[in-house]
Structures are given as C-alpha cells and as structure tokens.
Amino acid sequence: MIDFYYWPTPNGWKVAILLEELGLPYNMVPVAIGKGDQFKPEFMAISPNNRMPAIVDNDVEGDPVPVFESGAIMWYLAEKAGRFLPDDPLGRKETMEWLFWQVGNQGPMAGQLSHFVNYAPESAGDYGRERYIREYDRCLGVLERRMEDRDFILGDYSIADMIAWPWVLIAKPLGADLAKFPNVAAWRNRIKVRPAVQRAVDLGKELRRSGPPTAEERKVLYEQTAESVARMAERQS
Ligand SMILES: N[C@@H](CCC(=O)N[C@@H](CS)C(=O)NCC(=O)O)C(=O)O
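Rules and cut-offs
- Residues numbered from 1 in each chain as written.
- Predicted model: local features only at pLDDT ≥ 70, side-chain atom pairs only at ≥ 80, totals over all residues.
- Helix = DSSP H or I, 4+ residues; strand = E, 2+ residues; numbered from the N terminus.
- Rg over C-alpha atoms; globule rule 2.2 N^0.38 Å.
- Buried ≥ 20, exposed ≤ 12 C-beta atoms within 10 Å, placed from the backbone.
- Near = placed C-beta within 6 Å.
- Nonpolar A, V, L, I, M, F, W, Y, C, P; charged D, E, K, R; others polar.
- Domains from an automatic or database assignment.
- Pairing = 2+ DSSP bridges.
- Expected span 1.5 Å × (residues − 1).
- Arc of directions from axis to C-beta.
- Contact = placed C-beta atoms within 7 Å.

Time to look at the overall build of the chain. Scanning the chain from terminus to terminus reveals 10 helices and four strands. What you see in the chain, going N to C, is helices and strands ordered as β-α-β-α-β-β-α-α-α-α-α-α-α-α. For 237 residues, the compact-globule estimate of 2.2 N^0.38 gives 18 Å, and the chain sits close to it at 18 Å. Seen through its principal axes, the chain has C-alpha atoms that stretch 50 × 50 × 30 Å. Taken over 237 residues, the chain has a buried fraction of 33%.

Written out as structure tokens, the structure reads:
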C-alpha cells in the first residue's frame, strides 16, 4: 500500500490523478497545511521541504521508500507501474523536460499568482500580482504552442499532462481567460472528463476551507522562515 500525504490543492491533485489513473491502492493521509501538519517531524522526515504531496511506498522489498516533490513522485510511480511514461530514451527525455518545466515554471508562477490574487494584503500593491499574471500567461502560451499539433503534451496522455493540468483547471479563478488559448482549453476539457481525474479532484474536498484563511492560518502559511519552520517542528515533536 502507498501512503499518500495530501491536501486538496492543485499540487495534491497531480499525484491523486496518477494514483487514480493507475488504480493503485493508497491510504490518504491528510496534511492540514493551514494547521501546520507539514512541520511535524514525522512528515518532514518524508518531505524535508515541508510541502505536500509526498508518498511512502510500502510495497517494496526492504524499508519503505519515501518520495517528495510532485515531479519525482510522478516519475517514481509511473516507472514502477510501467505506464504513462514512454519507454524509449528520447521519450523519457521529453517527459523529464516537461516535468521540470512544470515544477520549475508553471507551478511556481501559478502558485505565486494564486497568492497575490487570493491572499496578498492590499499593501502589496500591483507589482507582484502583475508580474505573476504575465508569467502565468506566458506559461499558458508555452502549452498552447506545444498543443498545436498534438492532443497531449507528449502525444499520448502521460504524467506530463497530469502534472500540468491542475494549474490550468483553475485558470479562471486565477483571472486568466482560456479563450485566447484554444488548444489549451481543448486539452483541459479532454482531461477533465476522465473519470480518474474527476475522482482525484474530488479527493478530500470535504477538507477544504470554506472561507478565507484565518489570521493563524495566514501566519502558518505565509510567514515561514528557516527559524519559524524549525520552531514549529520543535513544537510538534
Ligand atoms: N514543488 C512542490 C510544491 C508543493 C507545494 O507548494 N505544496 C503546498 C500546497 S499547494 C504546500 O504543501 N504548502 C505548505 C506550506 O506552504 O507550508 C511540488 O510540486 O510538489
């Protein structure tokens, strides 16, 4: 069985989609990031960056295998299952390019945009929000060009799609209009109708916050420093 450390956000959905697509049995362990579960020493032993998603694979010979960072988790699971990852060296190289693109570009830009759209105080002004509006738009343009002559990022549906899709699913709440990205809009819909994807997006939806974060949650999530993380880890040990 795989222990899946998860909270219902776009980064969590990436791995939920793959687990559902693979039909692998898993045990979902909620990581309540607004409450500080990500600083628990037992979680940080699995995910040293104090971020979910993470997994522990217990279906191995020897000690259970922890994996953190969504790109690494996607690669690990796809390789283990022998699915959603090309076999040939060039196909694997392309997969890696798009995984790295997602975790180094689209993910962080969309994540920061979400922060400035949803959580930044008025005193932050427009600079940060506009910077990330442009970067998110640029990333949508990258996908738009890539999808000009194919249905999925690598041609066939793969972990490259599963990792990039969640941050496109929420384009509208992030303020982006997909009308100017018709290839991306079609790709988004092609993936959205998949039953496994729907199950993944529904996973743990009852755990989601209904209103804006409380002052305490804001502090936990948006005021992290090396010292505060160490302090919170200490408090939870
Ligand atoms: N690069 C990481 C990003 C993961 C990430 O940012 N997760 C957020 C939730 S969407 C988190 O765990 N936040 C906890 C925190 O900010 O302390 C990945 O792709 O796995």
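The structure having been displayed, the exposition proceeds.
Right, let's get into the site of the ligand. What surrounds the ligand is a group of 14 residues, the closest being Thr9, Asn11, Ile33, Arg51 and Ser70. Looking at which element gives the most residues to the shell around the ligand, the answer is helix α4 (residues 89-118), with three residues. Of the residues that constitute the shell around the ligand, the class distribution is five nonpolar, seven polar and two charged. Of the residues that make up the shell around the ligand, three or more belong to each of domain 1 (2-83 + 210-236) and domain 2 (89-198).

Turning next to the pairing of strand β3 (residues 54-57). In this sheet, β3 lies alongside strand β1 (residues 2-6) in antiparallel orientation, the contact comprising four bridges. Within β3, the residue paired with phenylalanine 4 across the bridge is isoleucine 55.

Before going further, it helps to spend a moment on the domain arrangement of the chain. Per the domain assignment, the segments of the chain are domain 1 (2-83 + 210-236) and domain 2 (89-198). Placing a centre on the C-alpha atoms of domain 1 and another on those of domain 2 gives a separation of 21 Å. Where the side of domain 1 that touches domain 2 is concerned, the elements lending two or more residues are α1 (10-22) and α3 (70-81). Considering each element in turn, the side of domain 1 that touches domain 2 owes the most residues, eight residues, to α1.

Before going further, it helps to examine α3. With 12 residues, α3 extends 16 Å from end C-alpha to end C-alpha; this agrees with the ideal 16 Å at 1.5 Å per step. Those residues of α3 lying buried are Ser70, Gly71, Ile73, Met74, Leu77 and Ala78. For α3, the buried positions fall inside an angular range of 165° around the axis, keeping them on one side. On its buried face, α3 sits against α1, β3, β4 (65-68), α4 and α6 (159-169).

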